[in-house]
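Tertiary structure, described
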Amino acid sequence: MERVKLFDKTFKTFIPNEEIEKAIDNVAEKVNADFRGCTDIPILLCVLNGSIMFTAELMKRLEFNCELVSIKLTSYCGTESTGKVRQAMGLTAGIKGRRVIIVEDIVDSGNTILELQKILADHGAAASYICTMLLKPESCRKDLHPDYVAMEIPNDFIVGFGLDYNEIGRNLKDIYVLDPEA
Ligand code: IMP
Ligand code: MG
C-alpha cells in the first residue's frame, strides 16, 4: 500500500486508478442511456476545483452533444466542512431554459448541491441532474438523491483524483484515505 504525505497528514491508497476508471465507465453508460439521442444540448456543469478530473473523464465517454460550463464553490477548510458554501466564481455561461447535469467530485453533507440547485433555479435552468463520482451516504442529508453515483464510500476524508487537502493532492491519480495510525 502506497502512502503519501500532504502537509501534516499521511494518506494511504484507497481506490486505485483502474477501479476509478471502471466506475466512471459504468456511470457514463447510465448517463448515455438517459441522454443519448436527445434533441437539446444539455449542459455539463463542472463544479471547480474538485470535479475537474472527473468531468474530463466523464466527458470523454459521453455520446451526445453537450456544452461545458463551470462554477467554483468552496466549503471545506482542512479536513472539515465549514457548513457554509461560498461562490468563488459564478457560472461561466447562461443556462436559462437548459437541462443541466451537475458534475461533482463528491457529495458529503449535500450542502453544496443544495446551494447549487438554488443557483440553477435562480438562473432559470429547465431541469437539473446530479452526477457525482463519490457519495458518502452516511453523512449525506436524506432528502437528497443524486441521479448518478459512480462510487459510494464511508465517511472518511479522502484526497486525489481532483480532491484536495488544503489545495494539494488533486494531481494524485489514485484516491487516498487519511491514515489515522500514521
Ligand atoms: P458537501 O457540501 O458537504 O456535500 O461537500 C461537498 C464538497 O466538499 C465537495 O464538492 C468537495 O469539494 C468537498 N469534500 C467533501 N468531502 C471531501 C473529502 O473527503 N475530501 C476532500 N474534499 C471533500
Ligand atoms: Mg467539489
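Below or above, wherever it landed, is the structure these notes cover. (Residues numbered from 1 in each chain as written. Chains lettered and ligands numbered in written order. Predicted model: local features only at pLDDT ≥ 70, side-chain atom pairs only at ≥ 80, totals over all residues. Heavy atoms only, no water.)

Observations regarding the site of ligand 1
Ser109, Gly110, Thr112, Lys136 and Ile158 are the nearest of the 17 residues found near ligand 1. Within the contact set of ligand 1, an oxygen atom lies 2.9 Å away from a side-chain nitrogen or oxygen of Asp105. Lys136 places a polar side-chain atom, nitrogen or oxygen, 2.9 Å from an oxygen atom of ligand 1. When the free accessible area of ligand 1 is taken as 490 Å², the share hidden by the protein chains comes to 92%. At the level of elements, strand S4 (67–77), strand S6 (99–107) and helix H3 (111–122) are the ones that each hand at least two residues to the shell around ligand 1. Examining the composition of the shell around ligand 1, we find that four residues originate from one element, S6, more than from any other. Its residues placed into classes, the shell around ligand 1 shows six nonpolar, five polar and six charged. (Near = heavy atom within 4 Å. Polar contact = N/O pair within 3.5 Å; in protein donor to acceptor, adjacent residues only side chain to side chain. Areas by Shrake-Rupley, 256 points an atom, 1.4 Å probe, with all protein chains shown as cover. Helix = DSSP H or I, 4+ residues; strand = E, 2+ residues; numbered from the N terminus. Nonpolar A, V, L, I, M, F, W, Y, C, P; charged D, E, K, R; others polar.)

Focus on the packing of aromatic side chains
For the structure shown, the criterion picks out six aromatic pairs. A ring pair is formed by Phe11 and Phe157, whose centres lie 6.3 Å apart and whose planes are at 50 degrees; its orientation type is tilted. Of this pair, Phe11 sits in strand S2 (residues 9–15) while Phe157 sits in the loop between strand S8 (148–152) and strand S9 (158–159), and the two are 146 residues apart along the sequence. Across the pair, exposure class does not vary: Phe11 and Phe157 are buried alike. Taken together, a centroid distance of 5.4 Å and an interplanar angle of 25 degrees make the contact between Phe35 and Phe64 stacked. With Phe35 in helix H1 (residues 17–35) and Phe64 in the loop between helix H2 (52–61) and S4, this pair connects stretches of sequence that are 29 residues apart. For Phe64, a relative accessible area of 10% corresponds to the buried category. Among the aromatic residues, those joined into a ring-pair cluster are Phe7, Phe11, Phe157 and Tyr165. (Phe/Tyr/Trp six-rings, centres within 6.5 Å; stacked < 30°, edge-to-face > 60°. Buried < 20%, exposed > 50% of the residue type's maximum accessible area, 1.4 Å probe, protein only.)

Quick look at the packing of H1 against H2
Here H1 crosses H2 at 55 degrees, and the two axes come no closer than 9 Å. As far as their axial angle goes, H2 and H1 are oblique. As H1 packs across H2, the resulting crossing turns out to be right-handed. Contacts between H1 and H2 involve Glu21, Ile24, Asp25, Val27, Ala28 and Asn32 from the first element and Phe54, Glu57, Leu58 and Arg61 from the second. For the contact of H1 with H2, the class distribution of residues is five nonpolar, one polar and four charged. (Axes fitted to C-alpha atoms, helices over the stretch in contact; angles between N-to-C directions. Parallel < 35°, antiparallel > 145°, perpendicular 65-115°, else oblique. Left-handed = near helix turned anticlockwise from the far one by under 90°. Contact = heavy atoms within 4.5 Å.)

Description of H3
With 12 residues, H3 extends 17 Å from end C-alpha to end C-alpha; this agrees with the ideal 16 Å at 1.5 Å per step. All of the buried residues in H3 are Thr112, Ile113, Leu116, Ile119 and Leu120. Down the axis of H3, the buried set is contained in an arc of 120 degrees. They therefore lie on one face. In H3, the exposed positions that point more than 90 degrees away from the buried face belong to Lys118, Ala121 and Asp122. In the core, the buried residues of H3 are packed alongside strand S3 (43–48), S4, strand S5 (80–89), S6 and strand S7 (127–135). Looking at the residues trailing H3, positive phi occurs at Gly124, about 80 degrees. (Expected span 1.5 Å × (residues − 1). Arc of directions from axis to C-beta.)

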